[in-house]
Number of protein chains: 4
Amino acid sequence: MSGSPPWPTSITDIQPNSVRVRGYDIAQLMGSVSFGAAVYLLLKGDLPDEPTSSLMDAILVSSVDHGATPPSVLSARTIASTGASLSAAVGGGILAINQHHGGAIENCALALQAIVRSADSNGDIDAAASAHLNDLKASGKRIAGFGHRIHTNDPRTARLFELADRAGRSGKFIDAARAVEQVFADRGKALPINVDGAIAAVLCELEFDPTLMNGIFIIARTAGLIAHVHEEQQRMKPMRRIDPVNQIYDGPEPRPVPKRSPGS
Amino acid sequence: MSGSPPWPTSITDIQPNSVRVRGYDIAQLMGSVSFGAAVYLLLKGDLPDEPTSSLMDAILVSSVDHGATPPSVLSARTIASTGASLSAAVGGGILAINQHHGGAIENCALALQAIVRSADSNGDIDAAASAHLNDLKASGKRIAGFGHRIHTNDPRTARLFELADRAGRSGKFIDAARAVEQVFADRGKALPINVDGAIAAVLCELEFDPTLMNGIFIIARTAGLIAHVHEEQQRMKPMRRIDPVNQIYDGPEPRPVPKRSPGS
Amino acid sequence: MSGSPPWPTSITDIQPNSVRVRGYDIAQLMGSVSFGAAVYLLLKGDLPDEPTSSLMDAILVSSVDHGATPPSVLSARTIASTGASLSAAVGGGILAINQHHGGAIENCALALQAIVRSADSNGDIDAAASAHLNDLKASGKRIAGFGHRIHTNDPRTARLFELADRAGRSGKFIDAARAVEQVFADRGKALPINVDGAIAAVLCELEFDPTLMNGIFIIARTAGLIAHVHEEQQRMKPMRRIDPVNQIYDGPEPRPVPKRSPGS
Amino acid sequence: MSGSPPWPTSITDIQPNSVRVRGYDIAQLMGSVSFGAAVYLLLKGDLPDEPTSSLMDAILVSSVDHGATPPSVLSARTIASTGASLSAAVGGGILAINQHHGGAIENCALALQAIVRSADSNGDIDAAASAHLNDLKASGKRIAGFGHRIHTNDPRTARLFELADRAGRSGKFIDAARAVEQVFADRGKALPINVDGAIAAVLCELEFDPTLMNGIFIIARTAGLIAHVHEEQQRMKPMRRIDPVNQIYDGPEPRPVPKRSPGS
C-alpha cells in the first residue's frame, strides 16, 4: 500500500531489542506483575494496584474450566477428534463463546449499569432493581447472570465478592447484583447470582468496557480448552462419538489447596 | 447414546455447588493461586510451588503480545474488520498459531530434549549441541528458537533465564540452549536464543510435554488478540485494508514498572 | 443422554446403504442434478425446475472468487502462511464473511422485501423505493447492494438479471432493485446495483429466506478460498508479509469461454 | 509495504468492470458452465470438457451431506447453539474436516497412486495392490477409503464409477481401487470401496493434486453445513445438549428424482 500513511495502534511498541506493552518494558513486567495484571494492562491501558491485580487473577482462575459439558469444550473436542491441530481445535472451541455461553457476563453488566444509573438518579438501588426486572419481564426478556442449571449456590460467587471486598473494590454494581437477587427472592424465585453475574459485577467495579468482558472469559477458558483438547488427543480414540452429558470424572480426589505465604 | 458407559475426563469435576479442578475446589484456588499456577495445574495435574508459579506467570507475561505484525493479529483484525463477533475474530487469530508462528517453542523443545539425551549418554553438552546442529544441517533443516528478524538480543530471553535461575529451575535444558547459541557463535553466526527458544528451555525444565507448549503460547497470546480485536472494532473503520508492516505505535510513552512489595 | 427422546432433523436420512437428502436418493441425484440444484434442495427442501437449477449454478459461479483482496482471502492466506492445514485456513477465511463482506446480500434482500411490501399496498414501486431510501437516509443508514469500489458497471449484474429473465424468474424484487438504482440516478448518484444486490434480488425471486443468503455466498466463495490457500501453500514462502493491495495477476491471458451444446 | 514489488497470484484478475477467473470472463462463465466446472477451473486452471464437468458436479453432489452425525456437523451445530453467526458456525464445522473426516480422500489417493506407479513398472495391478496392502500391514497402517461403519455397499461408489465410465474417465486408478477391494475379498474381508475411496480414484483419473482433494470435499460439505446450522438456529433451542447419535429424521418421505431432459 505504497504511499499510504501508517495505521496506528496503541497497544505494543516493537523496536529492535525492545517490546513495550502500553509503555512498559515487557522484560520488566516479567517477574514483576501477574498475568492477571498484564491482562488488565492490555485491556485497560494501565497497571492495576496490587489488590486489583490479585482480583484479576481470581477472576481468571474462576473461569478457567467448568468440565466437559460446555459447548466450547464439546466443539473443541469434536474438532480435535478428527485429527485437527491444537490451534484449530482450540480456535473452534472459542467460536462457541457467544451470547448463550460466556456472553452472560456482558449482558449482565449492561443490566447492572442500567440499574446503577437509575439508582443514581432516584436514590434507591432496590427500587431500581425491581423496576428493571419489571421492564425486562414486560418485554419478554430475562436478566443474564442469575440462576444456574447445576449450582443453586455457586461457590465462586461468594468467593469473588469476598475478594472484591478485600481489594476495596466492592461498590454499587455488586450492590445492584445483590439487589436483583433479593428482588427475585422476595418474589419467591431462587435465582442467585451465578459466576457470570458475579464477574460482571466485579468487572463493572473495575470499570471495564462491557464489550471486553466476554474477552476476559475467553482468555481464562482458553486454558481449559487446551487441557481438554490435549486430553482428547492423548487419551481418546479419533472419531469417537462425544456424548455431551454421559461423562465421568476420574481425576484426583478432592484435596485442599496448600497454605501459602501472603501475596503468592 | 443410551446404554453406552460414560466417557472419562480427569480435568474438572462438576457437582451441584462444587467445581473441582484436578481435585482442588475452585473457590479455594481463587485468591490463593495466580492464573499461571492455575494453568500449570490444568496442564500438569498438580499445583506448582511458589517460585514455579511466579515463573509460569512470567512465561505467560512474556508472550502476551508482540504488536500488530504477527499473522495471528493480522488474521484476527482482518476478520474483525468485516463485522465479526469478538469470539470469531479471536478464534480466527488462534488458527494462525502453528509451526511457523508460536510453534517454534515445541520444535525447539524437541531439539533441546534430543541434545540433553545425547549429552546424558555422552557426557558433553557442547559436543551434543554441535553434533545435533550438524545433523540438522545435513538434512537441510534448521533448529527452531534461535535468531529473530527484529531482535538481535531479545530482552525477554535474559529475563526469563534470570527468573528460572531465581526459581531454582535452571538446569540442563537451559544449558543445552546456551550450548547451541555458543556453537553458532563459534561458527561465526549471530543466532541468539529468542523468546521461543527461552520458553522452550524453561518449559522443558518444568517437565511440560512439548505437545502442550504451543498451548501455553496460545493462552498468553489470546490476551493480546482480545486487545487488538477490541482496538480494531472501536477505533478503525470496517473493511479497511490492513497493511501488515506500515504501522505506527501511538500509545503511552515509555514508563518504568512501579516497584512492588515482594511476591506481588 | 440415556432416556432422552431422539432429536429431529429433516435434512438427510442415513440408513445402511442409503443416503437420502430431503427424501431423494443421493445416488440418483448424482449425475441427474447439478450442484446448484443440490444446494437449492438442501436449503429450500425441494428440487428446482431446470431453468432455476441453471440459475442457481450461475449465482454460485458469480461468487466463486474475486481475487486476493477480500478479507476472507487475506485471513485465509495469512493463516495458511503459518503452516495451518487446508481446513483451518479455509475455516478462518469463512469467519471473515459477515455484515461488511458477503452480508450485503442479506441486508439488500431485507430492503428489497420492504420496498416490495410497501409497493404491494401502495401500488407504485418507484415511490416505494424512493420512500425507503429517504427513510434510510433519515436514520443515517445506507442501502446495501448498490455501488462498488472497483466496478461502476458490474458485469455480473446484467448477466444475472438476463439469466433470471431467461429462467422466467424476473419479477418484482428485480424491479425493486432497478427502481432503487433509478432513484439514485435521478438524484445524481451513480450507485448501480452490484453483484451482491443482484444476487439478493434473484434469491428473493426464488423465495429464499434472507438469513440463508449469506450461506449461498459462503458455499460459492469456499471454492475460491481453497484455490487461494493452495496457491499460498504451494507458491509462497511461509510467514511472508501479505500486502492487501500491492498484488499482480500473472495467470492465463484473457480467453473466451468455449461454446457448448445447450444445457451443459 | 512501500517499495516492495507486488506479489503474484494466478487465480483471478480484477479490473474495473471485469472479473476474469483463470482468464475467463466471469459473466461469460455464468450460465455457460456449471458450478462443478467452475471448481475444476479454479483448482486445475482450465475448463473441463462437458462429460468431466458433469462428473465434477456428481462428485460434489455425492458429498453434499451425510446427516447430523459427522463431527463437522456436530461442531457446527454446537457452535450455532451458543448464538454464533452463520459464518462462525460453518467455519467451525470446516475445522473438523481433517485426516479422520474427509481426509480419507487424500490418503486413499496417495495409496492408489503408489499402487499404479508400482503396477506401471511391474505390469500387474493386482500384485501391486496386494503388495501395497502387505506393506501397510507390516507397518501397522490401514488403507483409507475402504469399509464404512454404516454402509456395506455404498450406493455412491457404484454410481460414481458408472458416471466416470460414461464420461470416459475410468482408468487405472479406478482399476487399482477395485484391485484393492478384491485383495480384501480374497482375504475374507468385506472392505468395499467407500465414497471417499471412490472420489479419490475418480479425482486421480482427473489428475487432481491429492493435497486439493480434501478441498473438494470441503466445498461440497459446506452446503450441508449451511443447511444444518440454519436448521439448528431456526428449529432448536439455544444451548441444548446435542446428542451425537440419538437422532431421528423427520423430513420428506422417500421420493424419486424426476426425469429430466439430457444434460440438465
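Structural data are supplied above this passage.
1. Side note on the overall build of chain A
- A tally of regular secondary structure across chain A gives 11 helices and 5 strands.
- In terms of its C-alpha atoms, chain A occupies a principal-axis envelope of roughly 55 × 50 × 50 Å.
- When burial is assessed residue by residue, chain A has 63% of its 264 residues classed as buried.
- Between the mean site of the 25 positive side-chain charges and the mean site of the 27 negative ones, chain A shows a separation of 6 Å.

2. Here's the deal with the relation of the copies chain C and chain A
- Between chain C and chain A, the superposition needs a rotation of 180 degrees and an axial shift of 0.0 Å, giving an RMSD of 0.0 Å. Expressed as an axis order, the relation between the two copies is that of a two-fold axis. Closest to the rotation axis within chain C is the C-alpha of Ala 88 of chain C, separated from it by 3.0 Å.
- Interface residue correspondence from chain C to chain A reaches 100%, placing this contact among same-surface, isologous pairings.

3. With respect to empty space enclosed by the protein
- In this structure the tally under the stated criterion is 5 cavities of 30 Å³ or more.
- The space that makes up the largest cavity amounts to roughly 150 Å³.
- Taken together, 16 residues make up the lining of the largest cavity; nearest its centre are Leu 74 and Pro 244 of chain A together with Thr 78, Arg 240 and Ile 242 of chain D.
- The set of elements that each furnish at least two residues to the lining of the largest cavity consists of helix H4 (71-80) of chain A together with helix H4 (71-80) of chain D.

4. Let's talk about the interface of chain A and chain B
- Every contact between the two is made by 116 residues of chain A and, on the other side, 116 residues of chain B.
- Contact between chain A and chain B buries roughly 10,000 Å² in total, counting both sides, with carbon and sulfur atoms accounting for 65%.
- Counting the surface chain A buries against chain B, the share from its top three residues, Trp 7, Met 30 and Phe 35 of chain A, is 9%.
- The interface formed by chain A and chain B includes 2 salt bridges.
- With a shortest N-O distance of 2.7 Å, Asp 46 of chain A and Arg 255 of chain B are connected by a salt bridge.
- Across the contact surface, chain A and chain B share 52 residue pairs in polar contact (both at pLDDT 80 or more).
- Sorting elements by how many residues they give to the side of chain A that touches chain B places helix H11 (residues 210-235) of chain A first, with 17 residues.
- Class assignment for the residues of the side of chain A that touches chain B results in 55 nonpolar, 38 polar and 23 charged.

5. Considering the interface of chain C and chain A
- Each partner contributes to the interface: chain C provides 7 residues, whereas chain A provides 7 residues.
- Across the chain C to chain A interface the summed buried area is about 500 Å²; carbon plus sulfur atoms make up 69%.
- At the boundary of chain C and chain A, one finds 0 salt bridges.
- Across the chain C-chain A interface, the total number found is 0 residue pairs in polar contact (both at pLDDT 80 or more).
- Of the residues belonging to the side of chain C that touches chain A, the class tally is 5 nonpolar, 1 polar and 1 charged.

6. Concerning the packing of aromatic side chains
- Considering all chains together, one arrives at 10 aromatic pairs over all chains under this definition.
- Ring centres of Phe 146 of chain A and Phe 184 of chain A lie 6.0 Å apart, and the angle between their planes is 55 degrees; this geometry places the pair in the tilted category. With Phe 146 of chain A in the loop between helix H7 (125-138) and helix H8 (155-166) and Phe 184 of chain A in helix H9 (residues 172-186), the pair connects residues that are 38 residues apart, well separated along the chain. Accessibility assignment for this pair places Phe 146 of chain A and Phe 184 of chain A in one class, buried.
- Their ring planes at 20 degrees and their centres at 5.1 Å tell us that Phe 35 of chain C and Phe 35 of chain D sit as a pair that is stacked. Pair noted here: Phe 35 of chain C is in helix H2 (residues 35-44) and Phe 35 of chain D is in helix H2 (residues 35-44), and the two residues belong to different chains. Like Phe 35 of chain C, the residue Phe 35 of chain D is buried in the burial classification.

7. Let's talk about a positive patch on the surface
All names here are of chain B.
- Where like charges cluster on the molecular surface, the positive patch consists of Lys 137, Arg 142, Arg 187 and Lys 189.
- With respect to the helices and strands, the residue Arg 187 is situated in the loop between helix H9 (172-186) and helix H10 (195-205).
- With relative accessibility at 37%, the residue Arg 187 sits in the partly exposed group.

8. Comments concerning the pairing of strand S2 (residues 12-15) of chain C
All names here are of chain C.
- Relative to strand S3 (residues 18-21), S2 runs antiparallel, the two sharing 4 bridges. The residue bridging Ile 14 from the neighbouring strand is Val 19, located in S3.
- Remark: 2 residues form the turn of the hairpin made by S2 and S3, two consecutive strands paired antiparallel; Asn 17 in that turn has positive phi of roughly 60 degrees.

9. Some points on the pattern of salt bridges
All names here are of chain A.
- Scanning all chains against the criterion turns up 40 salt bridges over all chains.
- For Glu 231, the salt bridge is made with Arg 235, and the minimal N-O distance between the two is 3.7 Å. Note that Glu 231 and Arg 235 are positioned in helix H11 at a spacing of 4 residues, about one turn of the helix.
- The partly exposed category is assigned to Arg 235, whose relative accessible area is 37%.
- With a shortest N-O distance of 2.7 Å, Arg 240 and Glu 232 are connected by a salt bridge.
- By sharing partners, the salt bridges in this structure join Arg 77, Glu 231, Glu 232, Arg 235, Arg 240 and Asp 250 into a single network.

10. Some thoughts on the sheet that holds strand S4 (residues 24-25) of chain C
All names here are of chain C.
- With antiparallel pairing, the 3 strands of this open sheet are ordered in space as S2-S3-S4. A single partner strand is all that each edge strand has here, and the edge strands are S2 and S4.
- Across 2 bridges, the pairing between S3 and S4 is antiparallel. Along S4, the bridge assignment pairs Val 21 with Tyr 24.

11. Observations regarding helix H10 (residues 195-205) of chain D
Residues and elements named next belong to chain D.
- With 11 of 11 residues buried, H10 lies mostly within the body of the structure.
- On its buried face, H10 is in contact with helix H3 (50-62), helix H6 (104-122), helix H8 (155-166), helix H9 (172-186) and helix H11 (210-235).
- One or two residues past the end of H10 sits Glu 207, with phi positive at roughly 65 degrees.

The rules we used
- Residues numbered from 1 in each chain as written.
- Chains lettered and ligands numbered in written order.
- Predicted model: local features only at pLDDT ≥ 70, side-chain atom pairs only at ≥ 80, totals over all residues.
- Heavy atoms only, no water.
- Helix = DSSP H or I, 4+ residues; strand = E, 2+ residues; numbered from the N terminus.
- Buried < 20%, exposed > 50% of the residue type's maximum accessible area, 1.4 Å probe, protein only.
- Lys, Arg positive; Asp, Glu negative; His and termini not counted.
- Charge placed at Lys NZ, Arg CZ, Asp CG, Glu CD.
- Least-squares fit on C-alpha atoms with pLDDT ≥ 70 in both.
- Contact = heavy atoms within 4.5 Å.
- 1 Å grid on protein atoms, 1.4 Å probe; cavity = no way out; pocket = protein on both sides within 12 Å on 5 of 7 lines; lining within 4 Å.
- Points joined across faces, edges and corners; volume = space filled by probe spheres on them.
- Buried area = accessible area lost by both parts, 1.4 Å probe.
- Salt bridge = Lys/Arg side-chain N within 4 Å of Asp/Glu carboxyl O.
- Polar contact = N/O pair within 3.5 Å; in protein donor to acceptor, adjacent residues only side chain to side chain.
- Nonpolar A, V, L, I, M, F, W, Y, C, P; charged D, E, K, R; others polar.
- Phe/Tyr/Trp six-rings, centres within 6.5 Å; stacked < 30°, edge-to-face > 60°.
- Patch = residues over 30% accessible without salt bridge, like charges linked within 9 Å, V, L, I, M, F, W, Y side chains within 5 Å.
- Areas by Shrake-Rupley, 256 points an atom, 1.4 Å probe, with all protein chains shown as cover.
- Pairing = 2+ DSSP bridges.

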